[in-house]
2 protein chains.
Amino acid sequence: MPAPIEFYFDFSSPYGYLASELIDAIAERHGRNAIWHAIVLDATYQSQDRIRIPTHMMRSEYVMRDVERSAGYYGLPYKAPAHPSLHTELAARVFQWLGDRQPQQARDFAHGVFRALFTEDRNIADAAVLQELATKAGMSEADFHTVQTDGTTKTRLKAEIDVAQARGVFGSPFFIVEGERFWGVDRLPQLERWLEKGPY
Amino acid sequence: MPAPIEFYFDFSSPYGYLASELIDAIAERHGRNAIWHAIVLDATYQSQDRIRIPTHMMRSEYVMRDVERSAGYYGLPYKAPAHPSLHTELAARVFQWLGDRQPQQARDFAHGVFRALFTEDRNIADAAVLQELATKAGMSEADFHTVQTDGTTKTRLKAEIDVAQARGVFGSPFFIVEGERFWGVDRLPQLERWLEKGPY
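Residues numbered from 1 in each chain as written. Chains lettered and ligands numbered in written order. Predicted model: local features only at pLDDT ≥ 70, side-chain atom pairs only at ≥ 80, totals over all residues. Heavy atoms only, no water.

Would you take a moment to explain unusual backbone geometry for this structure?
A negative phi angle characterises most non-glycine residues, just as the trans form characterises most peptide bonds. All names here are of chain A. Cis geometry is found at the peptide bond from serine 172 to proline 173, where omega equals -5°. Positionally, proline 173 belongs in the loop between α9 (151-166) and β3 (174-177). You will see that glutamate 178, though not glycine, has its phi angle at about 50°, which is positive. The topology assignment puts glutamate 178 in the loop between β3 and β4 (180-183). What makes glutamate 178 partly exposed here is its relative accessible area of 45%. (Helix = DSSP H or I, 4+ residues; strand = E, 2+ residues; numbered from the N terminus. Buried < 20%, exposed > 50% of the residue type's maximum accessible area, 1.4 Å probe, protein only.)

Can you help me understand the pairing of β4(A) in this one?
The side chains of a regular strand alternate, first on one face of the sheet and then on the other. Residue and element names in this part refer to chain A. Judged by which residues are buried, β4 turns out to be covered on both faces: Glu180 and Phe182 on one side and Arg181 and Trp183 on the other are all buried. Direction of pairing for β3 relative to β4: antiparallel, over a ladder of four bridges. Directly across from phenylalanine 174, in β4, lies its bridge partner tryptophan 183. Following β3, the chain reverses through two residues before pairing antiparallel with β4; glutamate 178 in that reversal takes a positive phi of roughly 50°. (Pairing = 2+ DSSP bridges.)

Explanation requested: helix α7 (residues 127-136) of chain A in the structure shown.
Think of an α-helix as 3.6 residues a turn; residues three or four steps apart then line up on the same face. All names here are of chain A. Buried within α7 we find Val129, Leu130, Leu133 and Ala134. Burial along α7 is one-sided: seen end-on, the buried residues are contained in an arc of 135°. Of the surrounding elements, those touching the buried residues of α7 are α5 (89-99), α6 (103-120) and α8 (141-149). Its side-chain oxygen placed 2.8 Å from the backbone nitrogen of alanine 128, aspartate 126 serves as the N-cap of α7. (Arc of directions from axis to C-beta. Contact = heavy atoms within 4.5 Å. Polar contact = N/O pair within 3.5 Å; in protein donor to acceptor, adjacent residues only side chain to side chain.)

Looking at this structure, I do not really get the interface of chain A and chain B. What am I missing?
It is common to report an interface's size as the accessible area lost on association of the parts. With 31 residues of chain A in contact, the opposing surface of chain B contributes 31 residues. Between chain A and chain B, a total of about 2700 Å² is buried, with carbon and sulfur atoms accounting for 51% of that surface. Ranking the residues of chain A by area buried against chain B places Tyr62(A), Arg69(A) and Tyr73(A) at the top, with a combined share of 27%. Along the contact surface separating chain A from chain B lie eight salt bridges. Note that Glu180(B) is salt-bridged to Arg69(A), the shortest N-O span being 2.8 Å. Summed over the shared surface of chain A and chain B, the number is 20 residue pairs in polar contact (both at pLDDT 80 or more). Only α3 (55-58), α4 (61-74), β4 and α10 (188-197) of chain A provide two or more residues apiece to the side of chain A that touches chain B. For the side of chain A that touches chain B, the class distribution of residues is 15 nonpolar, five polar and eleven charged. (Buried area = accessible area lost by both parts, 1.4 Å probe. Salt bridge = Lys/Arg side-chain N within 4 Å of Asp/Glu carboxyl O. Nonpolar A, V, L, I, M, F, W, Y, C, P; charged D, E, K, R; others polar.)

As structure tokens, then:
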């Protein structure tokens, strides 16, 4: 099996949502696995001296329109959330917990979270909303409670984010294949070229 | 004739260079005119409260590699300039002077400037280099001297930049078609979709 596509995203990223709807088909077309990683691009992360997109840019009229048009371009449903900057840590912890056990459940959960936020304008920082989505993905109430209360899931997510930083991830969506970094859903064509023909 | 594609660029922009090599073929495929506009995205421009890309981002390892890979993706020659942040005002003034008289000469000059900077690492802030490129595009020595010394060409460029700002241009390359704004060479597929099928 050739090297997988590492797919990093933050649940608050609209371009991350678009990528989440596209990446598995791309991986499949090229006989690769996509490995999904939920991270949190919060202030702590951004205090690193890395590339970062200023928050006001994501709220600009241009980007709001660009996301909407990009969704139309990919043929994906999209509804702008009323509150675009939600805390995504609990969602990422649930994703990580599932991912360490049942990657397919984690992926189902991730789709649920992204679609809840970007097609139904639901508050994915709300634990009740997350629990509903986790249940749909097959997680038990007891396990959800564990993630909420057990500090080890926080530590586990932190370690995952540290790995992302160490690999040079600085945005969402972000892809790494064979060490090559691709930032943004608009780099998927370049990623596909890489998968087809190798380095260029 | 349907509405033209307005194409804005700064000569120091590597993604602007890539776009300059692609835009005319796109316009032709869709029976449109491309109207080229050289602008200067300097500190004055950026003091406006608009979206802006931090300078250090353009110099990051990621963006350096992204430009190189993007050039490979489009099949265009590229050589990273030793000094990526050059003053582009004189080049833009020469472009504007030609554009107000002979748009095709202006375009030839723009190609010359972009290729000199991004394939030969020449200093396009140097008046002697610019004069050589202007001569190749068919500009007389006397006219080049006029642009260098006559304040009206500065005023003319300033007015062009004011128009760009008023239209909501904030980066390079930047495209406007029928009021819709597209930022970045990576938005050309979305621009083409617009040209093919109209608004979405």
